[in-house]
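Listed below are the residues making up each chain.
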Amino acid sequence: MHWSTDIWVWIAVFFTLSVYTFLWKDNPLYKFAESVTVGIGMGFGVVQWWNLSVVDRFWVPLTTRGTIGLVLIIPAIMGLMMVTRIVPRFAWMSRYALAFSIGAGSGFMLPRAIQASILQQLYATMLPINISWTGLMVNLFIVVGTLAGLIYFFFSKEHKGVFGGIANIGIWFLMVGFGATFGYTVMARLSLLIGRVLFILRDFLGMHLF
Amino acid sequence: MFWKKKVPLLIVFIMGFVMAVQYFVPSDFSKKFYDTYIDWAIVIGIFGGVLGFFSFFRVHIHKVSKQAPNWQFSLISILCALLMIIAALLGGRGSGSLFMKLFLYTSAAINATVFSLLAFYISSAAYRAFRARSTQALALLLAAVIMMLGRVPIGDSISFWTAWGWPSINEISQWILNVPNLAAKRAIILGVGLGSLLMSLKIILGIERTYLGSE
């Protein structure tokens with residue numbers, strides 16, 4: 001066992017163990033780690049925002065692309081209007097920038113939602129159902145499951161009779177789907193836990209496990 | 001009223017309509033318009049960032065100045081944020097710089113650990129969620145257990161029935177993921193798609209106005 005001599009590894013281990021103290025109860029060590037990550041994250045965000053957005057996407061085009069770049073002054077003025085939210089008396093001016101972003105965003109989403117979330121999904125659901133393994137055990141399940149799931153989410157009609165029966169099948173599919181998602185999430189979290197434990201054992205304690 | 005409410009609604013309608021139409025018009029002008037919109041949206045977003053940073057510093061400076069409970073942790077957050085900015089100013093932000101090391105060995109390590117912490121809490125959540133009180137809850141339980149076993153080598157090791165030509169736990173878990181799970185997700189995606197479509201229409205037509213605020 002060779003303990004790491006890298007100060008950064010020691011710092012990372014300190015914070016890793018500090019976070020794990022939360023398993024006992026909320027305590028100052030955990031709160032310390034929490035406030036450090038909030039501050040570091042904010043500092044990281046500020047620096048990246050300055051370099052990637054302000055400099056690369058605003059200042060450089062503004063000063064190098066001539067008239068096309070100068071047009072960026074218009075959204076900059078709208079952006080400044082958004083900042084008026086800080087002063088309650090002028091906060092209404094931020095509505096112009098919000099209106100531009102929300103309006104354009106909604107218009108942007110409208111055809112794309114139809115295309116990606118509706119048409120493409122319907123297209124992928126229209127599968128051939130025939131007497132074969134794929135036809136029965138894959139395609140039939142997908143068609144029935146999707147339709148039954150959709151019927152379950154249709155609340156304008158009471159879930160009774162045949163309609164209720166199909167909605168009930170939808171619940172079964174949704175439950176299996178949620179179970180699969182839960183199981184998958186558990187394994188992803190366990191994988192992260194293994195990663196942290198290996199970091200302590202290998203990088204910090206220098207243990208050669210495999 | 002006109003400047004504070006009607007003009008913003010008009011801007012929403014015009015921008016929403018133009019952006020929706022732009023998608024269906026495959027021309028150079030349309031593409032240029034779209035690119036310009038993206039550039040403008042980024043510039044407006046820059047000032048949204050200003051609001052976010054202002055809010056962060058205002059909240060924490062207020063806590064420190066008022067010496068509110070746990071104000072010391074707010075001070076730590078402020079100092080760490082300033083430390084990152086100073087580190088970037090002095091040493092740049094390339095790989096191996098102090099800025100990147102601070103990020104990787106503190107924030108990235110803490111975030112990964114917080115997510116791994118959920119491995120413990122998710123177990124107690126699973127106990128509450130998975131108590132098979134109905135056949136449908138049993139379906140959820142079985143799907144989750146099969147999925148978990150299917151992701152690790154022991155899943156295949158205990159699949160003794162493969163000798164009779166039946167699918168292993170790994171194969172069953174893959175089928176659950178690709179078939180019933182896909183069907184359920186597709187129903188949800190279709191529902192979300194219809195919902196976002198309606199919400200977009202309501203915003204463009206001025207029916208949904210909550211973004212304008214209360215005044």
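Located above this text is the structure these notes cover.
Everything numeric in this text was worked out from a predicted model, so none of it was measured. (Residues numbered from 1 in each chain as written. Chains lettered and ligands numbered in written order. Predicted model: local features only at pLDDT ≥ 70, side-chain atom pairs only at ≥ 80, totals over all residues. Heavy atoms only, no water.)

### A look at the overall build of chain B
If you tally the helices and strands in chain B, you get 8 helices and 0 strands. Over its C-alpha trace chain B gives a radius of gyration of 26 Å, far above what one expects of a compact globule, namely 17 Å for 215 residues. Counting all 215 residues of chain B, 38% fall into the buried class. For chain B, the proportion of contacts with a sequence separation of at least 24, taken over those separated by at least 6, is 28%. Of the roughly 12,200 Å² of accessible surface on chain B, 71% is carried by carbon and sulfur atoms. Considering chain B, the positive charge centre built from 18 side chains and the negative charge centre built from 7 side chains are found 14 Å apart. (Helix = DSSP H or I, 4+ residues; strand = E, 2+ residues; numbered from the N terminus. Rg over C-alpha atoms; globule rule 2.2 N^0.38 Å. Buried < 20%, exposed > 50% of the residue type's maximum accessible area, 1.4 Å probe, protein only. Contact = heavy atoms within 4.5 Å. Areas by Shrake-Rupley, 256 points an atom, 1.4 Å probe, with all protein chains shown as cover. Lys, Arg positive; Asp, Glu negative; His and termini not counted. Charge placed at Lys NZ, Arg CZ, Asp CG, Glu CD.)

### Thoughts on the overall build of chain A
The number of helices and strands found in chain A is 7 helices and 0 strands. When its helices and strands are written in sequence order, chain A yields α-α-α-α-α-α-α. Projecting the C-alpha coordinates of chain A onto the three principal axes gives extents of approximately 65 × 60 × 35 Å. The 210 residues of chain A split such that 41% are buried. Expressed as a percentage of contacts within chain A between residues at least 6 apart in sequence, the contacts between residues at least 24 apart total 25%. For chain A, the accessible surface area stands at approximately 11,600 Å², while carbon and sulfur atoms represent 73% of it. Side chains of chain A carry 13 positive and 6 negative charges; the gap between the two charge centres is 13 Å.

### Focus: a nonpolar patch on the surface
Residue and element names in this part refer to chain B. A surface patch of nonpolar side chains, amounting to about 1,100 Å² of accessible area, comprises L10, F13, I14, F17, V21, Y23, F24, V25, L198, L201, L205 and I207. Counting residues per element, the ones that place at least two in the nonpolar patch are α1 (2-24) and α8 (180-204). The leading source of residues in the nonpolar patch is α1, at 7 residues. Within the element layout of this structure, L205 appears in the segment after α8. (Patch = residues over 30% accessible without salt bridge, like charges linked within 9 Å, V, L, I, M, F, W, Y side chains within 5 Å. Salt bridge = Lys/Arg side-chain N within 4 Å of Asp/Glu carboxyl O.)

### A word on the interface of chain B and chain A
Counting from both sides, the interface comprises 104 residues of chain B and, opposite them, 108 residues of chain A. Between chain B and chain A lies a buried interface of about 10,000 Å² when both sides are counted; carbon and sulfur atoms form 80% of it. There are 1 salt bridge connecting chain B and chain A. Between D39(B) and R57(A) there is a salt bridge; the shortest N-O distance is 3.2 Å. The interface formed by chain B and chain A holds 19 residue pairs in polar contact (both at pLDDT 80 or more) in total. Residue assignment for the side of chain B that touches chain A shows that the elements contributing at least two residues are α1, α2 (28-66), α3 (71-91), α4 (98-130), α5 (135-150), α7 (169-178) and α8 of chain B. The dominant element in the side of chain B that touches chain A, judged by the number of residues it contributes, is α4(B), at 25 residues. (Buried area = accessible area lost by both parts, 1.4 Å probe. Polar contact = N/O pair within 3.5 Å; in protein donor to acceptor, adjacent residues only side chain to side chain.)

### Overview of unusual backbone geometry
Residue and element names in this part refer to chain B. Positive phi outside glycine occurs at Q67, with the angle close to 50 degrees. Considering the arrangement of structural elements, one finds Q67 in the loop between α2 and α3. Take Q67: its relative accessible area is 53%, and that puts it in the exposed class. For N70, which is not glycine, the phi dihedral falls at a positive 65 degrees. As for its position among the elements, N70 is in the loop between α2 and α3.

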